[in-house]
Amino acid sequence: MLRVHLKKDKFGLNEDFDIMIDQVRAIDNNSLLVKIGAVDRATTDKLKENLSIL
C-alpha cells in the first residue's frame, strides 16, 4: 500500500492524516504557509521506501 498513516497524537497534528504516495504533486515552496507537524526518522524512511516503489 502506498499510503503512510500519521496519527495526530504522535506527530502533533490536529487530526489523523494519510500521506498518499501515489498522489504526490510538485508545489511551489511559497505555497507552504504554516508548518502543521513533523515526522520521525522511521516514518521518513517508510516514505522514502514507498517513493522508491513508485
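The numbering scheme is per chain: residues are counted from 1 as the chain's sequence reads. Local features are withheld for residues below a pLDDT of 70 in this predicted model, meaning they are given only at 70 or higher, and side-chain atom pairs are given and counted only at 80 or more; totals for whole chains, interfaces and linings count all residues. With hydrogens and water stripped out, all remaining heavy atoms of the structure feed into the side-chain values.

Here we take up the pattern of salt bridges. By definition, a salt bridge exists where a carboxyl oxygen of Asp or Glu is found within 4 Å of a side-chain nitrogen of Lys or Arg. This model, assessed by the stated rule, comprises 1 salt bridge. The residue lysine 10 makes a salt bridge to aspartate 40 at a minimum N-O spacing of 3.5 Å. Residue lysine 10 is located in helix α1 (residues 8-11), and its partner aspartate 40 is located in the loop between β2 (17-20) and α2 (41-53); the two are separated by 30 residues in the primary sequence. Given the relative accessible area of 57%, lysine 10 is considered exposed. Accessibility expressed as a relative area gives 27% for aspartate 40, which makes it partly exposed. Runs of H or I in DSSP of at least four residues are treated as helices and runs of E of at least two as strands, each being numbered from the N terminus. Only protein chains enter the accessibility calculation, which uses a 1.4 Å probe; a residue is then buried when its area is under 20% of its type maximum, exposed when over 50%, and partly exposed in between.

This brings us to the nonpolar core. By convention a nonpolar core is built from buried Ala, Val, Leu, Ile, Met, Phe, Trp, Tyr and Cys residues, the set being connected through side-chain atoms within 4.5 Å. Counting residues in hydrophobic clusters, the biggest one holds 6 residues: Val4, Leu6, Phe11, Leu13, Ile21 and Leu47. We call two residues in contact when some of their heavy atoms are within 4.5 Å. Sequence-distant contacts of leucine 6, defined by excluding residues within four places in its chain, comprise Phe11, Leu13, Asp16, Phe17, Ile19, Val39 and Thr43.

That is the geometry; function is a separate question.
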